[in-house]
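Commentary on secondary and tertiary structure
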Amino acid sequence: MNGKPVVMEHFSTVHTSFLLNFAFTNNITILTGVSASGKTLSFSMIRECMAVDEAVLCLNYLDCRRDIKELLRHTKGKLIVIDNADILLDEAARKYISLDGENQYLLIGRNPENLFATKENLFELVNKKVGEQTEFSIQPYL
Amino acid sequence: MITIYKDKKDIPIHMEYVEWNDLFFNKNTALKLDGRAAKIIEQIDEAKVISKFQIRSKFHETVVDVDCLSTGCKTVLNVLYFPDKVFCIKECGENALEALYRLSRGAVYSNYAMIPFDMTRVCAVFGESSREIDDYEILKEWWHHER
């Protein structure tokens, strides 16, 4: 899926010594890469923003007993961030996401199956030091 | 050599299947960590073990609880310390898979291929048959096409 982002093109936040600066070029961003690159840390930083930003909805393994597809179907106008996506999302949820034009997705995982994804959807985390802080951003996954 | 299952039906009844590696690690494996864990933690997460429940993270070298290890690292440690259970490996990155495949024993599951480029011999189980495979392409073929 190569649709433009429908909710936001940029998301940034700060958590003590960590900065997060994500620029989205696609409506479905699959954040992949090696273990320990900071993916779940980034998820935690975004989840913290749910308290003050109504446009953000975060899901992870703690939501494994919920009907994810049904939850998505009743959600409009949000950046939906899903950690543990490789296990949490079944085939039906993936197909729904691939066709959902009312929400934007940041999926943390490695399996693009049933998302109709191309390499344009795949990104990895990069980090750099900014003074005494570490900034995370995303770049196309090679 | 680790054992790989690609169909949950093939997991023996006496072996528990664990899907959520973070949760299992935090409640079980973290309590069992010993000297064997340090090398794996350093290799995958580039972190140093500084006490039973604490590591020095590669980010800012801050000291954090072992629950901050990556899911991939936790998965490998789960397999190492609980060889009698089967763990989902879908959340392992290339670096975690390399360490996982080098373990002398343990059991894992994924219904699609999760293979490090630098792989070692594994035991692949499907249905009634099991076979040892030490070649990337052959293992990939087994995962994709042997149904």
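Predicted model only: the values in this text are computed from it and were never measured.

**Re the packing of helix 2 (residues 35-45) of chain B against helix 3 (residues 71-81) of chain B**
All names here are of chain B.
- Between helix 2 and helix 3, the least distance of the axes is 10 Å, while the angle of their chain directions is 155 degrees. On the basis of their axis angle, the class for helix 2 and helix 3 is roughly antiparallel. The way helix 2 lies across helix 3 gives a crossing that is right-handed. Across the interface between the two elements, Arg36, Ala37, Ile40, Ile41, Ile44 and Asp45 of helix 2 pack against Gly72, Cys73, Val76, Leu77 and Leu80 of helix 3.
- Taken together, the residues that form the contact of helix 2 with helix 3 break down as eight nonpolar, one polar and two charged.

**Re the interface of chain B and chain A**
- Contacts between the two partners involve 22 residues from chain B and, on the opposite side, 12 residues from chain A.
- For the side of chain B that touches chain A, the elements supplying multiple residues, two or more each, are helix 1 (21-27), helix 2, helix 3 and helix 4 (94-101) of chain B.
- Within the side of chain B that touches chain A, the residues separate by chemical class into nine nonpolar, six polar and seven charged.

**Concerning the packing of helix 3 of chain B against helix 4 of chain B**
All names here are of chain B.
- Running from N to C, helix 3 and helix 4 cross one another at 10 degrees; their axes reach a closest spacing of 9 Å. Considering the angle they form, helix 3 stands roughly parallel to helix 4. For the pair formed by helix 3 and helix 4, the contact residues are Gly72, Cys73, Thr75, Val76 and Val79 on the first element and Asn95, Ala96, Ala99 and Leu100 on the second.
- Grouping the amino acids of the contact of helix 3 with helix 4 by side-chain chemistry returns six nonpolar, three polar and no charged.

**Some remarks on the confidence of the model for chain B**
- Per-chain confidence: chain B averages 95 in pLDDT, with 99% of residues scoring 70 or above.
- Reported confidences for the modelled complex are a pTM of 0.94 and an ipTM of 0.91.

**Topic: the nonpolar core**
- Of all hydrophobic cores here, the largest spans 40 residues; its most connected members are B:Cys73, B:Val76, B:Leu100 and B:Val108.
- Of all the secondary-structure elements, those providing two or more residues to this core are strand 1 (3-5), helix 1, helix 2, helix 3, strand 6 (86-88), helix 4, strand 7 (107-109) and helix 5 (136-145) of chain B.
- Beyond its immediate chain neighbours, meaning those up to four positions away, B:Val108 contacts B:Ile2, B:Ile4, B:Val79, B:Val86, B:Phe87, B:Ile89 and B:Leu100.
- Of all hydrophobic cores here, the second largest spans 36 residues; its members include A:Ile28, A:Phe43, A:Met45 and A:Phe123.

**So, the sheet that holds strand 5 (residues 79-82) of chain A**
Residues and elements named next belong to chain A.
- The eight strands lie next to each other as 1-2-8-7-3-6-5-4, forming an open sheet whose pairing is mixed. Strand pairing shows two members of the sheet lacking a second neighbour, strand 1 (10-15) and strand 4 (56-59), which therefore form its edges. Looking at each pair of strands side by side, their axes are set apart by 25 degrees on average, direction ignored.
- Summarising the sheet, strand 3 (residues 28-32) and strand 7 (residues 122-130) pair through three bridges and their orientation is parallel. Paired with Thr32 across the strands is Glu124, a residue of strand 7.

Definitions and limits used
- Residues numbered from 1 in each chain as written.
- Chains lettered and ligands numbered in written order.
- Predicted model: local features only at pLDDT ≥ 70, side-chain atom pairs only at ≥ 80, totals over all residues.
- Axes fitted to C-alpha atoms, helices over the stretch in contact; angles between N-to-C directions.
- Helix = DSSP H or I, 4+ residues; strand = E, 2+ residues; numbered from the N terminus.
- Parallel < 35°, antiparallel > 145°, perpendicular 65-115°, else oblique.
- Left-handed = near helix turned anticlockwise from the far one by under 90°.
- Contact = placed C-beta atoms within 7 Å.
- Nonpolar A, V, L, I, M, F, W, Y, C, P; charged D, E, K, R; others polar.
- pLDDT = per-residue confidence, 0-100.
- Core = buried A, V, L, I, M, F, W, Y, C linked by C-beta atoms within 7 Å.
- Buried ≥ 20, exposed ≤ 12 C-beta atoms within 10 Å, placed from the backbone.
- Pairing = 2+ DSSP bridges.

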